[in-house]
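Given next are the chains, with one letter for each unit.
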Amino acid sequence: MMKILFAASEAVPFMKTGGLADVTGSLPGYFDRERHDVRVIMPKYLCMDEKWKGQLRFLCHFHVRLGWRCQYVGIFETKHNGITYYLVDNEFYFAGDRPYNHIYEDVEKFAYFSKAVLEALPFLDFCPDIIHCHDWQTGLIPVFLRTLYGDERYYSGIKTVFSIHNLKFQGRFGIRAVMDITGLPEQIFTADKLESYDEANCLKGGVVYADAVTTVSPSYAKEILTPEGGEGLDGLMRAREHDLYGILNGIDYREYDPQTDPYLSAHFSVDRFAEGKAANKAHFQRIMGLPQEKGTFLLGMVSRMTDQKGFDLIAYILDELLATERLQFVAVGTGEERYENMLRYFADKYPDKMRVRIGYSEELAHGVYGSCDAFLMPSLFEPCGLSQMMSLRYGTVPLVRETGGLKDTVLPYNEYEGTGTGFSFANYNAHELLATLRYAMTTYYKNKKAWDGIVKRGMKQDFSWDSSARAYEKLYAALADDV
Ligand code: GLC
């Protein structure tokens, strides 16, 4: 039995701010359980829902050294969908009403978490063969493991995998501060290890010290090797190219299933989707306060409202789009205030055509996937992207920019060959986006048969976790054999 411990700063259902939580919350359930014991360790945030907090069982406590500090660690345990979750408790670090950028400096919070994970292992009676770390918040785990625990027998056989879900977020902080907080020796704060642009970089630490590095789609794995996509670390990525794997994310097909989804008012399948989708559309238009027009092109978005997701392109074209075209547009999510305000402005200006809901709600998100005709995702960059896969599964045609995982999952419609599962454009340019939207709408209004073909082909795609889980299993096995 191979033992694998996922270490991450968030996991569904306990805490979610982004796609990372979907991955750490669903992938563990897809490994071959006869041969893999996969568990998850994450912080126990004070802002976690009471519903989950109430289920936790106290396991043990101990203290951990962080430089000159000595800090309390409590470990709680729970099971969810058959997977064991460990939660690290420290009310000082994990206080506040959100997990990041709050009360406590994230660098100290996650340096503490990373050290606590390693120190917890002997108490858990679970010595993993592999620690699978996710994003910069856990980047210091491989660093601590190799520099502080290298000689200890208990730890010597453990291998590490570091997964990059978004290279833009690197966890960069002042070198002096990180040295003081972590107690790591001065000689590792050099350009070939932790230092980057005069700062200490937690993500870089993970990439340098892990035995293998992965990212969440094959295209993104290539893009981060280039100066355009490397977020300043393309040289480092090229240096580790031979240990870098692009493994496409999946989505939880049990949770995202239009035949059973409890958030939908009507269920449907690939063989009979028209009525179900139409019923959902009517219901959704009603709850959003839009005119219940059956034949109007309904475009949806569920997204963090940030630069990454292409909101500056949307800002450029929205006025023209809403003024000149017959469509309805719904956006759900939170993010930068300027984008939230931009969306509110246009929703006010075009009350019959547009609605925006600032905030995150599972119900509205599933409503968008289950009811809209098309889903908009014109990202500047996209490591993988999950929403386009959810849309495909629900017969909502994705319109995306050809970048990262979007390029790997959405096949552009070809009207001559009758192929493709969505619409896409290549350059980060507002008018390419507008032209592509117009092309999609023309197809929708003028060629219903072709449109339904796109929907069907999309619904038949398989982006379940199975093939990704097999790829990770293979990687773990190769690392474990490599002694
Ligand atoms: C991040 C990325 C997104 C990816 C997700 C899960 O949120 O921005 O593209 O799908 O992580 O890996």
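It should be emphasised that the depicted structure is a prediction, and the values quoted were computed from it without experimental measurement.

Basis of the calculations
Residues numbered from 1 in each chain as written. Predicted model: local features only at pLDDT ≥ 70, side-chain atom pairs only at ≥ 80, totals over all residues. Heavy atoms only, no water. Helix = DSSP H or I, 4+ residues; strand = E, 2+ residues; numbered from the N terminus. Buried < 20%, exposed > 50% of the residue type's maximum accessible area, 1.4 Å probe, protein only. Contact = heavy atoms within 4.5 Å. Areas by Shrake-Rupley, 256 points an atom, 1.4 Å probe, with all protein chains shown as cover. Disulfide = S-S within 2.5 Å. Domains from an automatic or database assignment. Buried area = accessible area lost by both parts, 1.4 Å probe. Salt bridge = Lys/Arg side-chain N within 4 Å of Asp/Glu carboxyl O. Polar contact = N/O pair within 3.5 Å; in protein donor to acceptor, adjacent residues only side chain to side chain. 1 Å grid on protein atoms, 1.4 Å probe; cavity = no way out; pocket = protein on both sides within 12 Å on 5 of 7 lines; lining within 4 Å. Points joined across faces, edges and corners; volume = space filled by probe spheres on them. Nonpolar A, V, L, I, M, F, W, Y, C, P; charged D, E, K, R; others polar. Pairing = 2+ DSSP bridges. Axes fitted to C-alpha atoms, helices over the stretch in contact; angles between N-to-C directions. Near = heavy atom within 4 Å. Expected span 1.5 Å × (residues − 1). Parallel < 35°, antiparallel > 145°, perpendicular 65-115°, else oblique. Left-handed = near helix turned anticlockwise from the far one by under 90°.

Here the focus is the overall build of the protein. A count of helices and strands for the protein gives 18 helices and 18 strands. Taken along the three principal axes of its C-alpha coordinates, the protein extends 70 × 45 × 40 Å. Expressed as a percentage of the 483 residues in the protein, the buried residues total 60%. Considering only residue pairs separated by 6 or more positions, the protein has 72% of its internal contacts joining residues 24 or more positions apart. Just so you have it, the protein exposes about 19500 Å², and 50% of that area is on carbon and sulfur atoms.

So, on to the state of the cysteines. Scanning the entire structure with this criterion turns up 0 disulfides. The closest cysteine sulfur to the non-disulfide-bonded Cys 127 is located on Cys 133, 14 Å from its own sulfur. Among the residues examined, Cys 127 registers a relative accessible area of 26% and is labelled partly exposed.

Domain boundaries assigned for the protein yield domain 1 (2–250 + 466–481) and domain 2 (273–463). Domain 1 and domain 2 are separated by 33 Å when their C-alpha centres are compared. With 18 residues of domain 1 at the contact, the number on the domain 2 side is 17 residues. Each partner contributes to the roughly 1200 Å² buried at the junction of domain 1 and domain 2, and carbon and sulfur atoms together form 60% of this total. The tally of links between domain 1 and domain 2 comes to 0 salt bridges. Counting across the domain 1 and domain 2 interface gives 5 residue pairs in polar contact (both at pLDDT 80 or more). Counting only elements with at least two residues in the side of domain 1 that touches domain 2, the list comes to helix H1 (19–26) and helix H8 (218–223).

There is about 340 Å³ of room inside the second largest pocket. In terms of lining residues, the second largest pocket is bounded by 16 residues, among which Ala 274, Ala 278, Asp 373, Tyr 444 and Lys 448 are the most central. At the level of secondary structure, the elements contributing two or more residues to the lining of the second largest pocket comprise helix H10 (274–288) and helix H17 (448–460). The class makeup of the residues in the lining of the second largest pocket is 7 nonpolar, 3 polar and 6 charged.

Here the focus is the sheet that holds strand S6 (residues 130–134). Sheet strands line up and pair through hydrogen bonds in the backbone, either parallel or antiparallel. Strand order in the open sheet formed by 9 strands is S3-S4-S5-S2-S1-S6-S7-S11-S12, and the pairing between neighbours is mixed. Two strands close off the open sheet at either side, each with one partner strand: strand S3 (57–66) and strand S12 (244–246). Here the average twist between neighbouring strands, direction ignored, is 25 degrees. Where strand S2 (residues 36–43) lies against strand S5 (residues 83–89), 4 bridges are found, and the strand directions are parallel. When the bridges of S5 are listed, Val 40 appears paired with Tyr 85. Helix H4 (residues 140–148) rests against strand S1 (2–7), S6 and strand S7 (159–164) of the sheet, and its axis sits at about 155 degrees to S7.

What follows is about the side chain of Thr 403. Mapping Thr 403 onto the fold places it in the loop between strand S17 (397–401) and helix H15 (404–409). In this structure Thr 403 touches Glu 223, Ser 379, Leu 380, Phe 381 and Glu 382, once residues within four positions along its chain are discounted.

Glancing now at the site of the ligand. For the ligand, the set of nearby residues contains 14 residues, the closest of which are His 165, Asn 249, Glu 382, Cys 384 and Gly 385. His 165 places a side-chain nitrogen or oxygen 2.6 Å from an oxygen atom of the ligand. In isolation the ligand offers 310 Å² of accessible surface; the protein chains occlude 94% of this area. Grouping the constituent residues of the shell around the ligand by class yields 6 nonpolar, 6 polar and 2 charged. Residue contributions to the shell around the ligand reach at least three from each of two domains, namely domain 1 (2–250 + 466–481) and domain 2 (273–463).

Before going further, it helps to examine the environment of Ile 175. Tracing the backbone shows Ile 175 in helix H6 (residues 175–182). When neighbours within four sequence positions are excluded, Ile 175 is seen to be in contact with Phe 189, Glu 195, Asp 198, Glu 199 and Ala 200.

What follows is about the pairing of strand S15 (residues 354–358). Bridge count for strand S14 (residues 327–333) against S15 is 5 bridges, and the pairing is parallel. Bridge pairing links Ala 331 to Val 356 in S15.

It is worth spelling out H17 at this point. Helix length check: H17, at 13 residues, gives a terminal C-alpha distance of 18 Å against a target of 18 Å (1.5 Å per residue), a fit within 8%. Along H17, the positions that sit buried rather than exposed are Ala 450, Trp 451, Gly 453, Ile 454, Val 455, Gly 458 and Met 459. Those residues of H17 that are buried are in contact with strand S13 (297–302), strand S16 (374–377), helix H14 (387–393), S17, strand S18 (423–425) and helix H16 (430–446).

On to the packing of helix H3 (residues 106–124) against H4, then. Running from N to C, H3 and H4 point in directions that differ by 55 degrees, and their axes come no closer than 9 Å. Accordingly, the angle class assigned to the pair H3 and H4 is oblique. You can see that H3 and H4 cross each other, and the crossing is right-handed. Here H3 contributes Ala 111, Ser 114, Lys 115, Val 117 and Leu 118 to the contact with H4, which in turn contributes Leu 140, Ile 141, Phe 144, Leu 145 and Leu 148. Each residue belonging to the contact of H3 with H4 can be placed in one class, and the counts come to 8 nonpolar, 1 polar and 1 charged.

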